[in-house]
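# Breakdown of the fold
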Amino acid sequence: MSRRISRASIALSLLIVLAGCSGGGSLFNPNVGEDSSSTESATAEGIGQENGTGPPVAVATPDSDFSDPAGDPLGWEAGYWYNESIEVDQADGLTDAEMKAYVGRAMARVEYLRQLEFKSSVPVSVISRSEYRSQRDESTRSSENQEFQQWNNQVWEALFAVGESESTQQAIEETRGSSVAGFYDPRDDAITIVTDTPDTPTIENTTLIHELVHAVQDQQYDLTKDRYAATTQDGQLATDGLIEGDARYVESAYGDRCGSSWECVELPDDTGEDSGSSGGPSNLGIFVTIFQPYSDGVGYINHLRESGGWDAVNDRFKSPPVASEQVIHRTDETPQPISYTDRSSAKWERFESVGQDGSDTVGEASIFVMFWNQARTVGAETVRPQTLTQPTNQYDAYNYIADPSTGWENDRLFPYQTQNGVSTESESESESESEYGYVWVTTWESNEDATEFRNAYRSILTARDATTPQRVESENTGSTAKTAKTTTYVIPDGSYADAFRVTQDGTQVTIVNGPNVTSLDNIRAQSKPSSA
């Protein structure tokens with residue numbers, strides 16, 4: 001139980017269908033935003049197009065009759081060449097014969113664009129959105145134990161994405177259920193398309209191409225290997241930046257060719273599908289977090305290709321990125337280790353069997369979304385809400401860079417719970433429901449970066465009407481002669497009604513959360529901050 005955003009598979013296609021956010025602009029339409037000129041230019045220039053008009057050197061060229069080749073060259077699959085015409089009309093859904101031709105030629109086109117060979121055919125099936133949700137509900141009930149869910153609730157509560165009375169797993173599944181267009185499951189080696197019209201199935205070109213890229217990734221690199229199963233939320237987002245960025249890059253290159261150099265199968269004008277105008281995912285904080293690899297991954301793949309072509313991308317599949325910071329900033333910098341010594345009282349305990357020794361790492365992407373979402377929802381003075389829809393380069397769909405989250409070096413978030421239902425409301429150990437809290441240790445590249453994070457975090461608390469019953473602006477920490485700045489806050493009511501202690505010690509900012517002020521020292525006793 002180590003993965004934060006539970007999935008039926010590694011590889012998902014998301015519907016880019018959310019409504020506008022505060023400040024204007026259409027959210028999650030890669031070609032529409034408050035300032036979409038940079039995003040549109042990627043399409044205009046043609047992501048991934050090679051120089052010249054002919055196919056890449058490694059791709060075979062068919063004869064004028066599109067005869068089947070003697071072997072199995074790149075650019076030919078299942079009896080179809082990448083530039084061969086096919087008779088497919090989705091007006092009344094896809095027949096089995098049309099599906100075979102559609103998928104076969106799409107596989108050939110993925111080979112052409114990605115320059116990787118399929119080793120076997122890829123089954124494609126269609127299910128209704130209601131069936132998909134039902135399957136996910138069943139999977140959640142069977143695979144997610146109560147301890148993991150309680151632990152994960154604290155992680156997402158710390159990011160102000162899911163309130164105390166809500167279930168993180170339910171919020172994630174509701175978000176995914178309305179956002180997923182299809183998925184490839186490496187356990188079954190098969191693609192599933194999610195549709196609102198399963199009796200007359202239609203498949204969007206780019207969705208099919210996207211999932212076929214995941215299929216060829218799996219056939220070449222085996223996506224079930226441990227190196228793709230990150231044990232933290234940030235590690236998962238980083239790995240997905242490679243996997244989903246690769247698929248989105250090829251998907252975009254495919255779209256550039258449709259209607260110009262390639263004939264493509266069109267959707268009928270009215271597919272009966274929900275365009276997302278009815279509201280889209282209910283939890284934007286979760287969705288924007290999940291979407292980060294799809295946004296920044298394209299630029300990450302382009303960065304690798306510019307440095308060494310597809311070989312550089314292939315090499316990265318042997319050693320995936322480990323932090324979302326690497327995907328956001330196209331850097332090879334790795335997180336610096338954080339040591340942690342538990343200083344809780346006997347009433348409180350960590351979730352030792354979950355995560356990495358009971359901790360998660362949320363990373364730069366999740367921290368950015370926290371600040372963005374709180375600016376959007378409660379007016380916190382953290383980042384401008386419009387920042388998200390103003391990408392800094394032509395390849396990113398959205399912008400996940402802001403001052404309070406830049407300079408991230410590492411973080412570890414340790415959820416806590418009271419032991420055996422012991423209440424913390426009084427000194428008597430009466431039986432009651434368990435209570436929860438967390439310690440979130442963050443480290444930054446400079447004191448200035450740490451201060452910027454601390455101030456933005458305090459702005460969230462202020463926007464939620466927090467009081468400050470305790471403030472220690474400085475304290476001598478002994479032999480190290482350091483100065484720590486500590487403030488205790490209390491949010492009096494609402495979904496995040498809790499006590500918070502925020503301490504900055506140089507480049508480290510530590511946040512302790514508990515149900516009341518008294519619990520903070522019980523969850524983490526204060527001492528000389530020479531170590532975390």
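Residues numbered from 1 in each chain as written. Predicted model: local features only at pLDDT ≥ 70, side-chain atom pairs only at ≥ 80, totals over all residues. Heavy atoms only, no water.

## Considerations on the overall build of the protein
Using the following cut-off: Where helices and strands are cited, they refer to DSSP runs of H or I of at least four residues and of E of at least two residues respectively, numbered from the N terminus. Contacts were defined at the residue level, with two residues in contact if any of their heavy atoms lie within 4.5 Å. Using a 1.4 Å probe, the Shrake-Rupley method yields the accessible areas, and only the shown protein chains count as cover for residues.
Helix and strand content of the protein: 12 helices and 13 strands. When contacts within the protein are restricted to residue pairs at least 6 apart in sequence, those whose partners lie at least 24 apart make up 73%. Carbon and sulfur atoms make up 43% of the accessible area of the protein, which amounts to about 21,000 Å² in all.

## Topic: the pairing of strand β8 (residues 408-418)
Short version of the rule: To sort residues, take the accessible area from a 1.4 Å probe on protein chains only and compare it with the maximum for the residue type: under 20% means buried, over 50% means exposed, and anything in between is partly exposed. The pairing criterion is simple: DSSP has to find at least two bridges between the two strands.
Most of β8 sits out of view: 10 of its 11 residues are buried. Looking at chain direction, strand β7 (residues 348-350) and β8 are connected through three bridges and run antiparallel. Bridging from a neighbouring strand, Glu349 pairs with Gln417 of β8.

## Focus on the packing of aromatic side chains
Selection rule: Any pair of Phe, Tyr and Trp rings, taking the six-membered ring for Trp, is counted once the centres come within 6.5 Å. Such a pair is stacked with planes under 30 degrees apart, edge-to-face with planes over 60 apart, and tilted for the rest. For a ring to carry a charge above it, either NZ of a lysine or CZ of an arginine must fall within 6 Å of the ring centroid while also lying within 35 degrees of the normal to the ring plane.
Within this structure, the stated rule accounts for 22 aromatic pairs. Three or more aromatic residues joined by ring pairs form one cluster here, namely Phe160, Phe371, Trp440, Trp444, Phe453, Tyr457, Tyr496 and Phe500. When the ring centre of Trp262 is taken as reference, the NZ or CZ atom of Arg257 above it lies at 5.7 Å.

## A look at the side chain of Gln154
With respect to the secondary-structure elements, Gln154 resides in helix α4 (residues 146-158). With relative accessibility at 5%, the residue Gln154 sits in the buried group. Setting aside its immediate chain neighbours within four residues, Gln154 contacts Pro415, Tyr436, Gly437 and Tyr438.

## A look at empty space enclosed by the protein
Put simply, the test is: Only protein atoms enter the 1 Å grid, on which a cavity is a set of points fitting a 1.4 Å probe that cannot get out and a pocket is an open set with protein on both sides within 12 Å along at least 5 of 7 lines, lining residues being those with an atom within 4 Å of a point. Grid points are joined across faces, edges and corners, and a volume is the space filled by probe spheres set on the points. Under the scheme applied, nonpolar residues are Ala, Val, Leu, Ile, Met, Phe, Trp, Tyr, Cys and Pro; charged residues are Asp, Glu, Lys and Arg; polar residues are all the others, including Gly.
By the definition in use, this model includes two cavities of 30 Å³ or more. The space that makes up the largest cavity amounts to roughly 50 Å³. Contributing to the lining of the largest cavity are Trp156, Leu159, Phe160, Ala161, Gly285, Thr289, Ser366, Val369, Met370 and Asn373. Residue assignment for the lining of the largest cavity shows that the elements contributing at least two residues are α8 (284-318) and α10 (363-378). Tallied by class, residues from the lining of the largest cavity come to six nonpolar, four polar and no charged.

## Considering the pattern of salt bridges
Applied cut-off: The working definition used for a salt bridge is a side-chain nitrogen of Lys or Arg within 4 Å of a carboxyl oxygen of Asp or Glu.
Per the stated rule, a full pass over the model turns up eight salt bridges. Asp396 serves as the salt-bridge partner of Arg330, at 2.9 Å between the closest nitrogen and oxygen. Of this pair, Arg330 sits in the loop between α9 (324-329) and β7 while Asp396 sits in the loop between α10 and β8, placing them 66 residues apart in sequence. Overall, the relative accessible area of 3% leaves Asp396 in the buried class. Put simply, Glu352 and Arg350 hold a salt bridge, and the shortest N to O gap is 3.4 Å. Judged by relative accessible area, Glu352 falls into the partly exposed class, the value being 49%.

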